[in-house]
Amino acid sequence: MSETQSPPRILVVVPTYNEHENIDRLLSKIRSQALKVDILFIDDNSQDGTADLIKSHIAKDSTIHIVERPGKMGLGTAYLAGFKWALERDYQYIMEMDADLSHDPAEIPRFYEAAQEADVVLGSRYITGVNVINWPLKRLILSYGANVYAGIILGVKIKDLTGGFKMFRREVLEKVALDRVKSNGYSFQIELTFRAMTLGFRAKEINIIFYDRTAGHSKMSKKIVREAIFMVWKLKMRQLLGRL
Ligand SMILES: Nc1nc2c(ncn2[C@@H]2O[C@H](COP(=O)(O)OP(=O)(O)OP(=O)(O)O)[C@@H](O)[C@H]2O)c(=O)[nH]1
Ligand SMILES: [Mg+2]
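Thresholds, definitions, all that
- Residues numbered from 1 in each chain as written.
- Chains lettered and ligands numbered in written order.
- Predicted model: local features only at pLDDT ≥ 70, side-chain atom pairs only at ≥ 80, totals over all residues.
- Heavy atoms only, no water.
- Helix = DSSP H or I, 4+ residues; strand = E, 2+ residues; numbered from the N terminus.
- Rg over C-alpha atoms; globule rule 2.2 N^0.38 Å.
- Buried < 20%, exposed > 50% of the residue type's maximum accessible area, 1.4 Å probe, protein only.
- Contact = heavy atoms within 4.5 Å.
- Lys, Arg positive; Asp, Glu negative; His and termini not counted.
- Charge placed at Lys NZ, Arg CZ, Asp CG, Glu CD.
- Pairing = 2+ DSSP bridges.
- Right-handed = clockwise from strand over helix to strand, strands pointing away.
- Salt bridge = Lys/Arg side-chain N within 4 Å of Asp/Glu carboxyl O.
- Near = heavy atom within 4 Å.
- Polar contact = N/O pair within 3.5 Å; in protein donor to acceptor, adjacent residues only side chain to side chain.
- Areas by Shrake-Rupley, 256 points an atom, 1.4 Å probe, with all protein chains shown as cover.
- 1 Å grid on protein atoms, 1.4 Å probe; cavity = no way out; pocket = protein on both sides within 12 Å on 5 of 7 lines; lining within 4 Å.
- Sits in = over half its atoms within 2 Å of the grid points.
- Patch = residues over 30% accessible without salt bridge, like charges linked within 9 Å, V, L, I, M, F, W, Y side chains within 5 Å.
- Axes fitted to C-alpha atoms, helices over the stretch in contact; angles between N-to-C directions.
- Parallel < 35°, antiparallel > 145°, perpendicular 65-115°, else oblique.
- Left-handed = near helix turned anticlockwise from the far one by under 90°.
- Nonpolar A, V, L, I, M, F, W, Y, C, P; charged D, E, K, R; others polar.

Can you break down the overall build of the chain residue by residue, with the values?
Check the secondary structure of the chain and you find eight helices and nine strands. Computed over the C-alpha atoms, the radius of gyration of the chain is 17 Å, within 12% of the 18 Å expected from 2.2 N^0.38 for a compact globule of 244 residues. Along the first, second and third principal axes, the C-alpha atoms of the chain reach 50 × 45 × 35 Å. Within the chain, buried positions represent 52% of all 244 residues. Put simply, of all contacts in the chain between residues at least 6 apart along the chain, 80% involve residues at least 24 apart. Treating the 35 positive side-chain charges of the chain as one cloud and the 29 negative ones as another, the clouds have centres 7 Å apart.

Please set out the pairing of strand 2 (residues 38-43) residue by residue, giving values where relevant.
Across the six residues of strand 2, six count as buried, placing the element largely inside the fold. The two faces of strand 2 match: Asp38, Leu40 and Ile42 on one face and Ile39, Phe41 and Asp43 on the other face are all buried. The sheet contact formed by strand 1 (residues 10-16) and strand 2 spans six bridges and is parallel. By the bridge assignment, Val12 is partnered in strand 2 with Ile39. Direction of pairing for strand 2 relative to strand 3 (residues 64-68): parallel, over a ladder of five bridges. Residue pairing for strand 3: Ile39 is matched across the bridge by Ile64. Each parallel crossover has a hand, and the one from strand 2 via helix 2 (residues 50-58) to strand 3 is right-handed.

Explain the side chain of Gln33 residue by residue, including any values.
Structurally, Gln33 is set in the loop between helix 1 (20-31) and strand 2. The buried category is assigned to Gln33, whose relative accessible area is 8%. Apart from residues no more than four positions distant in its own chain, Gln33 is found in contact with Pro105, Ala106, Ile108 and Pro109.

Can you break down the side chain of Arg139 residue by residue, with the values?
Position of Arg139 relative to the elements: it lies in helix 5 (residues 137-154). The charged side chain of Arg139 is buried without a salt bridge, its nearest counter-charge being Asp212 at 5.2 Å.

Describe the site of ligand 1, and please don't skip the residues or the numbers.
The full set close to ligand 1 counts 21 residues, and Glu19, Lys72, Tyr186, Ser218 and Lys219 are the nearest of them. The contact in question runs from an oxygen atom of ligand 1 to an N or O atom on the backbone of Pro15, over 2.8 Å. For ligand 1, an oxygen atom lies 2.7 Å from a polar atom in the side chain of Lys72. The protein chains hide 95% of the 620 Å² of surface that ligand 1 would expose on its own. Under a 2 Å grid-point criterion requiring more than half of the atoms, the pocket assigned to ligand 1 is the largest pocket. Among the secondary structure elements, those contributing two or more residues to the shell around ligand 1 are strand 1 and helix 3 (75-87).

Give a description of a positive patch on the surface that names residues and reports values.
A cluster of like positive charges, contributed by Lys72, Lys138, Lys222, Lys223 and Arg226, occupies part of the molecular surface. Sort the elements by how many residues they give to the positive patch and helix 8 (residues 222-240) lands first, with three residues. Relative to the helices and strands, Lys223 is located in helix 8.

Kindly report on the packing of helix 1 against helix 2, identifying the contributing residues and their values.
When two helices pack together, their arrangement is given by the angle between the helix axes and the distance between those axes. Across the interface, helix 1 lies against helix 2 with an axial gap of 8 Å and an inter-helix angle of 25 degrees. Judged on the interaxial angle alone, helix 2 and helix 1 are roughly parallel. Considering how the two elements wind past one another, helix 1 and helix 2 form a crossing that is right-handed. Residues His20, Ile23, Asp24 and Leu27 of helix 1 pack against Thr50, Leu53, Ile54 and His57 of helix 2. Broken down by class, the residue content of the contact of helix 1 with helix 2 amounts to four nonpolar, three polar and one charged.

In short, the description is geometric, and any link to function would need to be established separately.
Shown next, in the form of structure tokens:
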């Protein structure tokens, strides 16, 4: 980077629901990687003091931000709120990252590097076999199967469509009709990537390792899986009818 060039404006958006045990470790890991990033937490009125802990960090570090929502409204709408916040400001790159350290913040520079040749960079668990640590086999089969299923129906050559570790170039979130995004669980990840690719944006997968959470509780539910199974068909129909 030449002397004159200012550092890229990167925002990492982290949705939180009862992640108190993970916040300190997550922030120190983000701060120990090389790239300067701002962090925006979207907290849905966590009952374990997550928001207060985040605010105690904000008091010491003005590059950390929080949007508080009155109740648990789902991961998808949390990201849409974060993207809206980012687009009201001058961020050039917007990341998605879970709060439970399943996504390793040390990978952030690799996402930025890949985003120099792509518009959406997807952290993929399934490029070279299966890179998931400590997930129960049932969960692994469900996730892998969901990705094969979605890839075939949507006709996209992406191995990991349901992953939540991503970097978008600002233009993508400006062009994708975010107000038409209806998904809220895993299908939110599928829908956003599919809409970006349908608009002609370049999507690139980079290899990541996904670590099962060691603290806090999963928000995964049967409702989230059911939503994804049907949403994939709805997306395909809308695309075929040119009404995506
Ligand atoms: N704001 C907000 N965050 C949420 C909501 N549901 C999940 N999250 C956050 O989204 C991220 C992913 O949720 P997880 O429960 O880890 O989903 P998962 O990774 O599929 O499940 P595990 O493997 O068990 O961790 C975490 O940071 C959660 O705190 C929600 O309704 N609102
Ligand atoms: Mg998780």
